[in-house]
Amino acid sequence: MINKSLFLTYLYLLIYILLSSGVILYNKWVLSKKYFNFPFPITLTMIHMGFSGAVAFLLVRVFKVVAPVKMTFEIYATCVIPISAFFASSLWFGNTAYLHISVAFIQMLKALMPVATLIMAVLCGTDKLRWDVFLNMLLVSVGVVISSYGEIHFNVVGTLYQCTGIFAEALRLVLTQVLLQKKGLTLNPITSLYYIAPCSFAFLFVPWYFLEKTEMEVSQIQFNFWIFFSNAVCALALNFSIFLVIGRTGAVTIRVAGVLKDWSLIALSTVIFPESTITGLNIIGYAIALCGVVMYNYIKVKDVKASQLPPDSIPERMTKEWRIEKKSSNVFAPDDDNIDDDTVSSISDINVDEETPFMASSRLSHIGLSQLSSRDA
């Protein structure tokens, strides 16, 4: 007989992998001129933000599933607005990259996320540069360069868009740590969407007005309600699936799931979008980059464990933290029995998808946050 808890854990992991891969492939299909032909990434992102914000509003204000946090004007102005601005930028640039480069190559470029996050953390003073970490980041960078060199359909514009989106996301992650932690503010998934999604929508409106509004008026665009509705639902569901996965699994499990998802997505994308071709040099370069990322994770997990309380006090401390979060959110709280030593660090091994901006608690380090970001949407 299969253990129910174990079954649910693997079920959540499967749901996360399917939704994460699905959102990326769905966005590519919608934006690509060869398929659905809706080449307006800012508009698509605004649809996602508007839908997520509306659902969060209903859950917080109408159905009162969770209670809003104590949000002052100062916290909103100094924390929520800058975080939302960089999040909107990362989505804008990341989704625009789909117009120019393949899904497979985008996944390979996302290996740069730890490098970008480390650079931003050092610049913001939240982390110090160490030689062992630097060498790992150098290995990742070399791997990405090799992979880029082997890309048949290499496009400078698309690569710049994706890299800019990665660095914007990295800065957002660091700001989340610096600003929200300093204020002692912890947002659960729903309250994060409630506060940040509308603000991101407002930031996206400005580039949309100047870059896409006129073009949408003169071009014959397809607007299928069910396509955009289902796309937004998938993006929202991905947010919640990540929260469920974080609550039930440890770092090692999520790391394996993340690697499996990346490789599966790269292979699947070449089947669904046959115009994207993977070369041997692509694979070699990505494998080198992945080795650097894994070694980097290993170093950081060791650092976290070294700084933790003695093992016998960890379960009690983490149970207390989750009970506090359960009390504040009253939704999607993981079972206390399923919490292990790796729960807090488990976020460090999920790749953040484009539409999963808010799953990381503000009390986590930027290392944990950075790996929640393979920025899949």
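In this text, all values refer to a predicted model and were calculated from it rather than measured experimentally.

Any chance you could explain the overall build of the protein here in plain terms?
Scanning the protein for helices and strands turns up 15 helices and 0 strands. Scored against the burial criterion, the 377 residues of the protein give a buried share of 54%. Within the protein, contacts between residues separated by at least 24 positions form 83% of all contacts whose residues are at least 6 apart in sequence. For the protein, the exposed surface amounts to about 16,600 Å²; the carbon and sulfur share of it is 69%.

Hey, could you run me through the packing of helix α5 (residues 113-124) against helix α7 (residues 156-183) in this one?
A packed helix pair is summarised by two numbers, namely the angle formed by the two axes and the spacing between the axes. Packing of α5 against α7 brings their axes to within 8 Å, and their N-to-C directions diverge by 50°. Looking at the two axes, α5 sits oblique to α7. With respect to the hand of their crossing, α5 and α7 are arranged in right-handed fashion. The segment α5 lies against α7, with M113, A116, T117, I119, M120, A121 and C124 engaging I166, F167, E169, A170, L171, L173 and V174. In the contact of α5 with α7, the residues fall into 12 nonpolar, 1 polar and 1 charged.

Is there a simple way to think about a nonpolar patch on the surface in this case?
A contiguous nonpolar surface patch, about 690 Å² in accessible area, is contributed by V122, L129, W131, F134, L135, L138 and V142. Sort the elements by how many residues they give to the nonpolar patch and helix α6 (residues 131-149) lands first, with 5 residues. When you line up the elements, V122 lands in helix α5.

Any chance you could explain the confidence of the model for the protein here in plain terms?
For any part of a model where pLDDT is low, the fine detail of the predicted coordinates should not be relied upon. With 79% of its residues at a pLDDT of 70 or more, the protein has an overall mean of 80. Across the protein, the element-wise mean pLDDT spans from 38 in helix α14 (residues 343-346) up to 96 in helix α2 (residues 41-62). A low-confidence stretch, residues 317-351 stays under pLDDT 50, and its non-local contacts, those more than four residues away or across chains, total 90 contacts. Confidence drops under pLDDT 50 across residues 357-376; counting only partners more than four residues distant or on other chains, this segment forms 109 contacts.

Thresholds applied
Residues numbered from 1 in each chain as written. Predicted model: local features only at pLDDT ≥ 70, side-chain atom pairs only at ≥ 80, totals over all residues. Heavy atoms only, no water. Helix = DSSP H or I, 4+ residues; strand = E, 2+ residues; numbered from the N terminus. Buried < 20%, exposed > 50% of the residue type's maximum accessible area, 1.4 Å probe, protein only. Contact = heavy atoms within 4.5 Å. Areas by Shrake-Rupley, 256 points an atom, 1.4 Å probe, with all protein chains shown as cover. Axes fitted to C-alpha atoms, helices over the stretch in contact; angles between N-to-C directions. Parallel < 35°, antiparallel > 145°, perpendicular 65-115°, else oblique. Left-handed = near helix turned anticlockwise from the far one by under 90°. Nonpolar A, V, L, I, M, F, W, Y, C, P; charged D, E, K, R; others polar. Patch = residues over 30% accessible without salt bridge, like charges linked within 9 Å, V, L, I, M, F, W, Y side chains within 5 Å. Salt bridge = Lys/Arg side-chain N within 4 Å of Asp/Glu carboxyl O. pLDDT = per-residue confidence, 0-100.

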